[in-house]
Amino acid sequence: MSRRLALAGAAALAAPRLVRAAPLRELVLHGPPAGPSITLAHAVAAGALSDVADKVTFRAWRNPDEMRAGLTSGTMQAVVMPTTTAANLHNRGFGLRLVNVMTNGLLHIVSADPSLTSFKALSGRRLAVPFRNDTPEFILNRILAHEGLAAGRDIVVDTTGTPVEAIQLVVAGRIDAALVPEPAASAAIVRAQAAGKRVSRVIDVQTAFRQIAGPEATLPQAGLAVTARFMADRPDLVEALHSALERTTRQVLAAPARAAGSAAAPLEMPWPVVEASIEHSNLVAIRASAARAQLETLFRTIADGNPALIGGRLPDAAFYW
């Protein structure tokens with residue numbers, strides 16, 4: 001063997017080999033009772049995450065306090081959450097990184113009164129809003145301020161523990177309207193029909209947000225975030241996770257009935273409600289770094305006059321995967 005071939009062989013043996021990352025033994029994905037969790041549940045049911053973990057489970061968190069407690073305790077490591085919450089926790093030192101945006105806005109105001117098509121029309125009315133001091137309330141307050149209105153002064157706001165509680169009040173006729181995400185908005189319409197009543201989406205909150213943030217603005221409301229521990233332990237799997245959610249989002253949009261079949265039981269909602277909601281959920285899967293400009297527009301708009309809502313400042317570059 002020539003000296004040149006011998007050296008080439010030695011170099012080949014010494015060179016690091018590109019080895020495909022081994023999947024985790026188990027991964028639990030957590031998400032809200034809202035549109036992006038349809039994508040998570042369908043990804044799990046369809047086996048789309050086999051490159052990420054041998055066993056993947058989806059669990060819904062019911063309110064933001066439960067989600068924050070899970071992050072603090074370390075029992076939740078990969079979570080779909082409001083992007084404003086993720087920014088706040090990152091800025092407060094929790095080390096969260098936002099992997100992607102999974103919806104460009106899924107908030108609607110539903111009512112049995114078809115005349116309530118503007119926020120000014122809600123003056124003097126009662127509006128149910130789920131989750132005190134969280135994203136739906138922040139967005140509402142910012143839009144009301146733009147309209148020259150204020151919660152408590154011009155509109156009576158009743159906070160509920162969950163979106164389901166809010167729509168129950170509307171269907172029962174105990175309140176004039178409710179600000180809720182999908183699939184709760186679709187659930188209100190379906191439940192009202194079953195009771196011989198009519199409830200409809202009277203205000204698209206995404207449209208109202210663009211009137212403040214600009215005509216090209218989106219409402220990147222929620223996305224997948226991972227903890228510093230997850231990122232430190234297995235950064236190699238984040239790409240596989242995001243890619244799987246990109247593929248699954250396309251499948252959900254192409255075949256909503258099938259996706260609803262995957263998500264109905266985990267979300268504890270009838271599949272016709274879940275299927276109907278997909279059209280109105282603005283589901284996407286956009287890498288956080290690619291959505292940074294839209295996210296910063298949202299953060300600036302929400303935090304105008306109250307930077308504490310996002311932890312005092314815009315998140316730094318490390319926040320955006």
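Residues numbered from 1 in each chain as written. Predicted model: local features only at pLDDT ≥ 70, side-chain atom pairs only at ≥ 80, totals over all residues. Heavy atoms only, no water.

**Student:** What is the right way to read the overall build of the chain from this model?
**Tutor:** The helix and strand tally for the chain stands at 13 helices and 12 strands. Compactness check: the chain gives a C-alpha radius of gyration of 22 Å against a globular reference of 20 Å for 321 residues, within 12% of the reference. Considered along the principal axes of its C-alpha atoms, the chain spans approximately 90 × 40 × 35 Å. Burial analysis of the chain (321 residues in total) assigns 51% to the buried set. Within the chain, residue pairs in contact and separated by at least 24 positions form 79% of the contacts whose partners lie at least 6 positions apart. By element, 52% of the accessible surface of the chain is carried by carbon and sulfur atoms, the whole surface being about 14,300 Å². The averaged location of the 26 negative side-chain charges in the chain is 6 Å from the averaged location of its 32 positive side-chain charges. (Helix = DSSP H or I, 4+ residues; strand = E, 2+ residues; numbered from the N terminus. Rg over C-alpha atoms; globule rule 2.2 N^0.38 Å. Buried < 20%, exposed > 50% of the residue type's maximum accessible area, 1.4 Å probe, protein only. Contact = heavy atoms within 4.5 Å. Areas by Shrake-Rupley, 256 points an atom, 1.4 Å probe, with all protein chains shown as cover. Lys, Arg positive; Asp, Glu negative; His and termini not counted. Charge placed at Lys NZ, Arg CZ, Asp CG, Glu CD.)

**Student:** Explanation requested: the packing of aromatic side chains in the structure shown.
**Tutor:** Here the distance between the centres and the angle between the planes together describe a pair of aromatic rings. A complete count under the given rule lists 2 aromatic pairs for this structure. Consider the rings of Phe319 and Tyr320, whose centres lie 5.0 Å apart with planes at 80 degrees: the pair is edge-to-face. Both residues of the pair, Phe319 and Tyr320, belong to the buried class. An aromatic cluster of three or more residues is present, and its members are Phe299, Phe319 and Tyr320. (Phe/Tyr/Trp six-rings, centres within 6.5 Å; stacked < 30°, edge-to-face > 60°.)

**Student:** Just to check I follow, could you spell out the sheet that holds strand E9 (residues 177–181) for this structure?
**Tutor:** Each strand in a sheet pairs with another by means of backbone hydrogen bonds, the pair being arranged parallel or else antiparallel. With mixed pairing, 5 strands are arranged side by side in an open sheet as E8-E7-E9-E6-E10. The outermost strands of the open sheet, each flanked by one partner alone, are strand E8 (156–160) and strand E10 (200–204). Taking each pair of neighbouring strands and ignoring which way they run, the sheet shows an average axis angle of 30 degrees. Along the sheet face, helix H5 (residues 135–146) touches strand E6 (107–111), strand E7 (126–130), E8 and E9 and points at about 140 degrees away from the line of E7. Packed onto the sheet, helix H6 (residues 163–171) meets E6, E7, E8 and E9 and runs at close to 150 degrees relative to E9. (Pairing = 2+ DSSP bridges. Axes fitted to C-alpha atoms, helices over the stretch in contact; angles between N-to-C directions.)

**Student:** Sorry if this is basic, but what is going on with the confidence of the model for the chain here?
**Tutor:** Close reading of the predicted structure is inappropriate where its pLDDT is low. The pLDDT averaged across the chain works out to 92; a share of 93% of its residues lies at or above 70. Confidence over residues 1–19 falls short of pLDDT 50; this stretch has 1 contact with residues more than four positions distant or in other chains. (pLDDT = per-residue confidence, 0-100.)

**Student:** Got a minute to help me understand the pattern of salt bridges in this structure?
**Tutor:** Opposite charge on two side chains permits pairing when their charged atoms draw close. Inspection of every chain in the model, using the stated rule, returns 15 salt bridges. In this structure, Arg153 and Asp154 form a salt bridge, with 2.8 Å as the shortest nitrogen-oxygen distance. Owing to a relative accessible area of 21%, Asp154 belongs among the partly exposed residues under this scheme. Each member of the salt-bridge network shares a partner with another, and the members are Asp65, Arg68 and Asp134. (Salt bridge = Lys/Arg side-chain N within 4 Å of Asp/Glu carboxyl O.)

**Student:** What is the right way to read helix H11 (residues 256–267) from this model?
**Tutor:** Since the α-helix packs 3.6 residues into each turn, any two residues three or four apart lie on the same face. Listed as buried for H11 are Ala259, Ala260, Ser262, Ala263, Ala264 and Leu267. Against the buried residues of H11 lie helix H2 (36–45), strand E2 (53–60), helix H10 (238–254) and helix H12 (271–278). Two residues or fewer after H11 comes Glu268, characterised by a positive phi angle close to 55 degrees.

**Student:** Could you clarify how one ought to interpret the nonpolar core in this entry?
**Tutor:** Where a protein is soluble and globular, its nonpolar side chains tend to be buried together. Residues Leu27, Leu29, Ile38, Leu49, Val180 and Leu224 are the most contacted members of the largest nonpolar core, which totals 54 residues. Ala291, Leu309, Ile310 and Phe319 belong to the second-largest nonpolar core, a separate cluster that totals 49 residues. (Core = buried A, V, L, I, M, F, W, Y, C linked by side-chain atoms within 4.5 Å.)

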